[in-house]
Amino acid sequence: MMSGEIIKSLIVPPHPHPVLCPDKNEGWQRIRDAYDEARRQIEESDADLIIIYSTLWPSVIGHQIQADPNPEWVMVDADFHDLGSIHYSLKIDTDFAHAWNKANISRGLESRTVAYDGFPVDVGSVVALELLNPNNRIPAVICSTNVYSNRAETTVLAKSCMDVIKQQGKKAVAVSVMSLSNRMFTEAIEPHEDRIHSLKDDEWNQKILEFLSEGRLEDIGQLSRTIHDQIRVKKVVAFKPMWWLSAMNDNRNDLTGKVLAYEPIHGAGAAVVVLDPQSNGTGDKEYDEDDVDFYGGDRNVLDSSEDETESSPLDSGPALYDPVEGKNAVNTSKAPKPVGAYPHARREGDLIYLSGVGPRQPGDNSIPGGPIKDKAGNPLNYDIKAQTRAVVDNIARILEEAGSSLDNVIDVTSFLVDMDRDFSGYNEVWAETLGKVGPTRTTLAIRALPTPIAVEMKVIAKV
Amino acid sequence: MAKGSIVAGCLAPHPPHLVYADNPDQNEPVSEGGWEQLRWGYERLRESLKDVDYDVIVVLSPHWQTYVGTHFIGVEKCSSKSVDPVFPNLFRFNYDLTIDVELARAIHDQAKSEGMSVKMMENPDFRVDYGTIVSCHMVRPEWDKPIVSISSNRSLSYYSVEVMQEMMMELGRSTAKAIEESGKKCVLLASNSLSHRHFVTETNPPEDMSKEHITSHAMHLWDMRMIELMRSGKSQQIINEMPEFCEQAIAESDGGALTWLLSAMDVPTEPATLHGYGTIIGTGNAIMEWPCHTWGEQ
Ligand SMILES: [Fe+2]
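Given the structure is predicted, the values throughout are model-derived calculations rather than measurements.

### Quick notes on the coordination of the iron ion
All names here are of chain B.
(1) Moving on: Binding of the iron ion to the protein goes through His14 (NE2), His63 (NE2) and Glu252 (OE), at separations of 2.0 to 2.2 Å.
(2) Moving on: Each donor residue of the iron ion belongs to the same chain, with the gaps between them written as H-x48-H-x188-E. One end of the pair, histidine 63, is in strand 2 (residues 56-66); the other, glutamate 252, is in the loop between helix 8 (235-248) and helix 9 (257-264), with 189 residues separating them in the sequence.
(3) Moving on: With relative accessibility at 28%, the residue histidine 63 sits in the partly exposed group.

Okay, structure coming up:
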């Protein structure tokens, strides 16, 4: 498998001023210079794809991804039309666009590609690509912001994008085109009169930039709704791009961040920020909100006759049992319920025999990394590494209940439903976890497991 | 010179689905029809306007969104292709239209003298928004009348419904005054839906009417309430209830078009005629006409 990754993330402002008239205001020129610096950094890297998430392209039918190989037209800003026009001719990585769209759908999102002559590429995407990628040195992909999407959906959108980056081995630059505070002056101003609209907006912007310069991207994501309430005109419902960008970076708080410029553009907070994936050695992540891998939200609204209750991956699966309390049984509420009449484990002498353990989560029966198929049996994209990690976690919980631990595992039999697809991911997680303990291991390919999971392990350990 | 006048005011919603379903030559996608209730409604409106003498269509569309004041197209000949960024699969329309720049500027100047933030749009590369095009096409598919295109100032997002309405009331008065002084007869179009909660999935084909319905009962109740108020000439009450309507029905009148229209007609107590009602991917749409030309000389 090739290893793709995000090699750089950028936050850049959407207004046309740095393209059309940087010379009219020193601050606009500094934004332009910062854009140029970001461009140089991209040129010096081995980036082969630029991914734009633009808050200025709203969508209603899920997310839309540009898939015209060469969108070409003349862009005129709705407000700042007097500054001039921008002729654009972009190069889109259509393979990536289609693959991302597919990955979105397999993670439960509504999604579609668009490829139409004359499609009005939004001002944010045009400005960002014009300045970061003149002459289309590397191909780009552009995604809309859904007006109704929430954090879960925006996070899953990023994860499916990462699925494709990894599959295709891309070295990608992720770009959020957005203002910080987005309140503009509602009247015409002279260029020299430009300033951040209010002191409050400026203070919040400074705080955001302080976090970003410390690489604390996930913290900004977590503060998204608060920031939106405080300093955002309600144009696209929330401060969504930070959810997307953080999820593109594995929700990390220890990136290496640098603010290249921060200036007002017609009152709004415009900043150019670069985030590199190298760890700055500080700040561990702390979740206030769930991590989501698969979107199961309120999308299916067209068919009013359909039962509207939320479906769990197991709705159509086997019945669940309370673990059997037999002789020498070891059972725990911290492991998923069995799919038959058996205990979680059984102690015989100083050995512990575990029943087969999968990734299902105790309580809600969710499957980290997503189920391998939907209720109708249609295959879904899933993350084998997340599933394998969840299996190991479940094993650890059962062993703890038995008064033992992962360190005492002596023999493992693993079952994979798709050896070709999953062996390397499974093996990677194994090496990081049980591989360090050193039990004997046998891995088998099997046709199916009773629930929509891809991996299960049978374990023998010492007390 | 005789005084100009508003001969009719219309609520003329602009979902691109209507043009798509009509299959005019100018639009690239091809459909099997759909949304007939609304298209028949537009047919009745056209029939009603057939013998009305007018010079210009003045339209305010929420899809030319401006944050720095209210803008007016100031380019006489506009021709290009308008592609809806939200439904590009339905609407890719080759337009060739004429702007009444003189009247646009007159309204602009009048509003400016009243202290409003206004601007003329004079960039020849500017593309006319799809809301303006859909409403104008459905009302007058011959495209033989010049139009005045007014942007939707997003003062509601910036401030509140109250501020938006205050500004739109002023813009309405300025529009009426400028029209009167121009000596022209005008049809005004408020280009917006009523309740505005969309479905976020699309049927295949999009015109599959077996899946079309209002998104919720609450939205239906709001739509019917607004239509009843319009039909019974209670314009002032519509303005009074606008804050709740915008919030609870996510109404597209948040863009100011309806308030502007009512104000331009001097908040009429005369009833409006309902030509049609229907939903489009869940949003509520009514085609209404205030036949001002029948109200007699004030
Ligand atoms: Fe609309």
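Next comes the rest of the write-up.
### Quick word on the confidence of the model for chain B
(1) Moving on: Looking at chain B as a whole, its pLDDT mean stands at 95, while 99% of the residues score no less than 70.
(2) Moving on: Here the predicted complex scores 0.78 on pTM and 0.94 on ipTM.

### Let's talk about the environment of arginine 225 of chain A
All names here are of chain A.
(1) Moving on: Note that arginine 225 resides in helix 8 (residues 224-231).
(2) Moving on: Arginine 225 sits in the partly exposed class, given a relative accessible area of 40%.
(3) Moving on: Counting along the chain gives 92 residues from arginine 225 to asparagine 133, while the straight-line C-alpha distance between them is 31 Å.

### Comments concerning the interface of chain A and chain B
(1) Moving on: Each partner contributes to the interface: chain A provides 43 residues, whereas chain B provides 40 residues.
(2) Moving on: Summed over both partners, the interface of chain A with chain B buries about 3,600 Å², with 56% contributed by carbon and sulfur atoms.
(3) Moving on: If you look at where chain A meets chain B, you find three salt bridges.
(4) Moving on: For aspartate 117 of chain A, the salt bridge is made with lysine 81 of chain B, and the minimal N-O distance between the two is 2.9 Å.
(5) Moving on: Connecting chain A to chain B are 20 residue pairs in polar contact (both at pLDDT 80 or more).
(6) Moving on: Mapped by element, the contributors of at least two residues to the side of chain A that touches chain B are strand 2 (49-59), strand 4 (72-75) and strand 6 (111-114) of chain A.
(7) Moving on: For the side of chain A that touches chain B, a count of residues per class yields 21 nonpolar, ten polar and twelve charged.

### Digging into the nonpolar core
(1) Moving on: Val58 and Trp290 of chain B are the most contacted members of the largest nonpolar core, which totals 103 residues.
(2) Moving on: Here this core gets seven residues from one element, more than from any other, and that element is helix 6 (residues 161-182) of chain B.
(3) Moving on: Counting 48 residues, the second largest nonpolar core, distinct from the first, contains Val141, Cys161, Met178 and Ala247 of chain A.

### A short note on the environment of arginine 389 of chain A
(1) Moving on: Its place among the elements puts arginine 389 of chain A in helix 10 (residues 384-401).
(2) Moving on: Beyond its immediate sequence surroundings of up to four residues, arginine 389 of chain A is in contact with Val429 and Glu432 of chain A.

### Concerning the pairing of strand 15 (residues 440-445) of chain A
Residues and elements named next belong to chain A.
(1) Moving on: In this sheet, strand 15 lies alongside strand 14 (residues 409-416) in parallel orientation, the contact comprising six bridges. Its bridge partner lying in strand 15, leucine 416 is registered against alanine 445.
(2) Moving on: Once you follow strand 14 into helix 11 (residues 419-432) and on to strand 15, the crossover reads as right-handed.

### So, the packing of helix 3 (residues 94-106) of chain A against helix 5 (residues 151-168) of chain A
Residues and elements named next belong to chain A.
(1) Moving on: Contact geometry of helix 3 with helix 5 gives a least axis separation of 8 Å together with a crossing angle of 130°. Looking at the two axes, helix 3 sits oblique to helix 5. The interaxial crossing formed by helix 3 with helix 5 has right-handed handedness. Contact residues: helix 3 offers Asp95, Phe96, Ala99, Trp100, Ala103 and Asn104, while helix 5 offers Leu157, Ser160, Cys161, Val164, Ile165 and Gln168.
(2) Moving on: Classifying every residue of the contact of helix 3 with helix 5 by side-chain character gives eight nonpolar, three polar and one charged.

### With respect to the sheet that holds strand 15 of chain A
Residues and elements named next belong to chain A.
(1) Moving on: Across the sheet, six strands lie side by side as 11-12-13-16-14-15; this open sheet has mixed pairing. The open sheet has two edge strands, strand 11 (329-330) and strand 15, and neither has a second partner.
(2) Moving on: Note: strand 11 against strand 12 (residues 345-348), two bridges, orientation antiparallel. By the bridge assignment, alanine 329 is partnered in strand 12 with arginine 346.
(3) Moving on: The sheet strands contacting helix 10 are strand 11, strand 12, strand 13 (351-354), strand 14 and strand 16 (455-462), and the helix crosses strand 16 at an angle near 30°.
(4) Moving on: Helix-sheet contacts for helix 11 involve strand 14, strand 15 and strand 16, and the interaxial angle to strand 15 is about 160°.

Rules behind the numbers
Residues numbered from 1 in each chain as written. Chains lettered and ligands numbered in written order. Predicted model: local features only at pLDDT ≥ 70, side-chain atom pairs only at ≥ 80, totals over all residues. Heavy atoms only, no water. Donors = N, O, S within 2.8 Å, 3.2 Å for Na, K, Ca; no water. Helix = DSSP H or I, 4+ residues; strand = E, 2+ residues; numbered from the N terminus. Buried < 20%, exposed > 50% of the residue type's maximum accessible area, 1.4 Å probe, protein only. pLDDT = per-residue confidence, 0-100. Contact = heavy atoms within 4.5 Å. Buried area = accessible area lost by both parts, 1.4 Å probe. Salt bridge = Lys/Arg side-chain N within 4 Å of Asp/Glu carboxyl O. Polar contact = N/O pair within 3.5 Å; in protein donor to acceptor, adjacent residues only side chain to side chain. Nonpolar A, V, L, I, M, F, W, Y, C, P; charged D, E, K, R; others polar. Core = buried A, V, L, I, M, F, W, Y, C linked by side-chain atoms within 4.5 Å. Pairing = 2+ DSSP bridges. Right-handed = clockwise from strand over helix to strand, strands pointing away. Axes fitted to C-alpha atoms, helices over the stretch in contact; angles between N-to-C directions. Parallel < 35°, antiparallel > 145°, perpendicular 65-115°, else oblique. Left-handed = near helix turned anticlockwise from the far one by under 90°.

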